[in-house]
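Descriptive analysis of the structure
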Amino acid sequence: MHDFIHTTHPQRVVFGAGSLRHLAREIDALGAKKALVLCTPEQRPQAERVAASLGAQAAGLFDRAVMHVPVETAREARDLARRLGADCAVALGGGSTTGLGKAIALESGLPIVAIPTTYAGSEMTPIYGLTENGLKKTGKDPRVLPRTVIYDPELSRTLPVGLSVTSGINAIAHAAEGLYAQDSNPVMDLMAEEGIAALARALPAIRLEPGDLAARSDALYGAWLCGGVLGAVGMALHHKLCHTLGGSFNLPHAEVHTVVLPHALAFNAQAAPRAMARIARALGGVSAPAAVFALARDNGAPVALKDIGMRAADLDRAADIAVANPYWNPRPFGPAERDAIRALLQRAFDGEPPG
Ligand SMILES: NC(=O)c1ccc[n+]([C@@H]2O[C@H](COP(=O)([O-])OP(=O)(O)OC[C@H]3O[C@@H](n4cnc5c(N)ncnc54)[C@H](O)[C@@H]3O)[C@@H](O)[C@H]2O)c1
Ligand SMILES: O=C(O)CCC(=O)CC(=O)O
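Definitions and cut-offs
Residues numbered from 1 in each chain as written. Chains lettered and ligands numbered in written order. Predicted model: local features only at pLDDT ≥ 70, side-chain atom pairs only at ≥ 80, totals over all residues. Heavy atoms only, no water. Helix = DSSP H or I, 4+ residues; strand = E, 2+ residues; numbered from the N terminus. Rg over C-alpha atoms; globule rule 2.2 N^0.38 Å. Buried < 20%, exposed > 50% of the residue type's maximum accessible area, 1.4 Å probe, protein only. Areas by Shrake-Rupley, 256 points an atom, 1.4 Å probe, with all protein chains shown as cover. Lys, Arg positive; Asp, Glu negative; His and termini not counted. Charge placed at Lys NZ, Arg CZ, Asp CG, Glu CD. Near = heavy atom within 4 Å. Polar contact = N/O pair within 3.5 Å; in protein donor to acceptor, adjacent residues only side chain to side chain. Nonpolar A, V, L, I, M, F, W, Y, C, P; charged D, E, K, R; others polar.

1. Looking at the overall build of the protein
- In terms of regular secondary structure, the protein is built from 13 helices and eight strands.
- For the protein, the C-alpha radius of gyration of 19 Å lies close to 20 Å, the compact-globule estimate for 355 residues.
- Overall, the protein is about 55 × 45 × 40 Å in size when its C-alpha atoms are taken along their principal axes.
- Counting the 355 residues in the protein, one finds 58% classified as buried.
- Surface exposure of the protein reaches about 14,500 Å², of which carbon and sulfur atoms provide 54%.
- One way to put it: in the protein the 34 positive side-chain charges average out to a point 3 Å from where the 34 negative ones average out.

2. Re the site of ligand 2
- Looking at ligand 2, the residues that line it are Ile127, Tyr128, Gly129, Lys136, Thr138, Asn170, His174, Leu230, His239, His243, His253 and His257.
- A distance of 2.6 Å is found between an oxygen atom of ligand 2 and a side-chain nitrogen or oxygen belonging to Lys136.
- The side chain of His243 places a nitrogen or oxygen atom 2.9 Å from an oxygen atom of ligand 2.
- When the free accessible area of ligand 2 is taken as 320 Å², the share hidden by the protein chains comes to 85%.
- Put simply, the parts of the chain that give the shell around ligand 2 at least two residues each are strand E6 (127-132), strand E7 (135-140), helix H5 (161-179), helix H8 (237-249) and helix H9 (253-268).
- No other element matches the three residues that E6 contributes to the shell around ligand 2.
- Class assignment for the residues of the shell around ligand 2 results in three nonpolar, eight polar and one charged.

3. A look at the site of ligand 1
- Within the structure, ligand 1 sits among 23 residues, and Thr40, Ser96, Thr117, Thr118 and Thr125 are positioned closest to it.
- Measuring from an oxygen atom of ligand 1, one finds a side-chain N or O atom of Thr40 at 2.6 Å.
- Between an oxygen atom of ligand 1 and a side-chain N or O atom of Thr125, the distance comes to 2.6 Å.
- Taken by itself ligand 1 offers 870 Å² of open surface, and the protein chains cover 86% of this.
- Looking at the shell around ligand 1 element by element, the count peaks at three residues for helix H4 (residues 95-108).
- Looking at side-chain class alone, the shell around ligand 1 contains seven nonpolar, 13 polar and three charged residues.

Structural data, given as structure tokens:
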């Protein structure tokens, strides 16, 4: 029997190879005249081309987006937008750049056009993250939801294979936790399963041929679906562990998701058998945790926290932080489960298959 509440976010999505050419039209459709283009330093050449294509519609370029959005960077970008008279922001890049756009929108209300070039999914969510004095806080606000999202798979062809695989598994993590979320609903479940299946098809093909446009399109389609799930329902143990490891120990975002997901799923397997069956089906495997582990390992992604910058000496503190303010999870993980979480982290640290 169905019993749910679902809020649909007001957002326009333009999807397709070459759809970047619609950017000027989409800025017009927002009623905006001058866009501040945002990017990371690495993506400046790509962002310059986008700004050039906008001509007089471009107010300027800010190229200092970095992971986890330091408040100082957000302030600088917001000040620049004001000085240039920008009335919208174009965020070209992954979750870090979208996150910077969100930080600008949070205080200024400036509409964002997001052009995602990774599979992180931030463009589909009203979730923002900001880092101040080394502490990352996250929140939800409808103002930060990008008003328009342009998904152009051509732009993700340059995403290195390693980051393509880990970012794809970051997306799968949103859908996997969505399938056992307490506030999920049948439509989110369909999106989640389809999103996981699309990414599971696409990632091995991208590893073989990074420029494969059909595979890039499939991966971005999966990322869109998985991002939609992240934006609509609550996340659980896996995201809590990744926020702890990323926020307090500065581990790289997509990689940490990739390493932790099989272990978080194993921890939850008995408490969420239907979700596990759907995840396994989408991945074409028998067991959800083992299938995620194999997807990572077989496509050259890291499977051990020790290989992505975690120190053994920090595992105890990570377990303490993770259980101190637990998220809802199908299997509770408060202070009473601290030893089980510590054991999970040890397996993830060593790169063992999920227990
Ligand atoms: N708020 C949310 O809903 C949400 C969701 C997911 C992630 N995030 C946040 O996003 C951040 C991580 O985002 P990410 O994993 O996308 O990484 P990222 O945005 O930091 O990008 C990683 C690197 O890849 C480069 N890159 C991106 N696309 C490229 C392309 N097509 N070609 C070549 N290089 C490219 C970037 O310039 C950067 O150097 C974290 O801070 C995370 O917390 C937020
Ligand atoms: O760090 C944020 O902005 C929130 C990230 C989030 O909830 C999704 C993720 O961890 O991939």
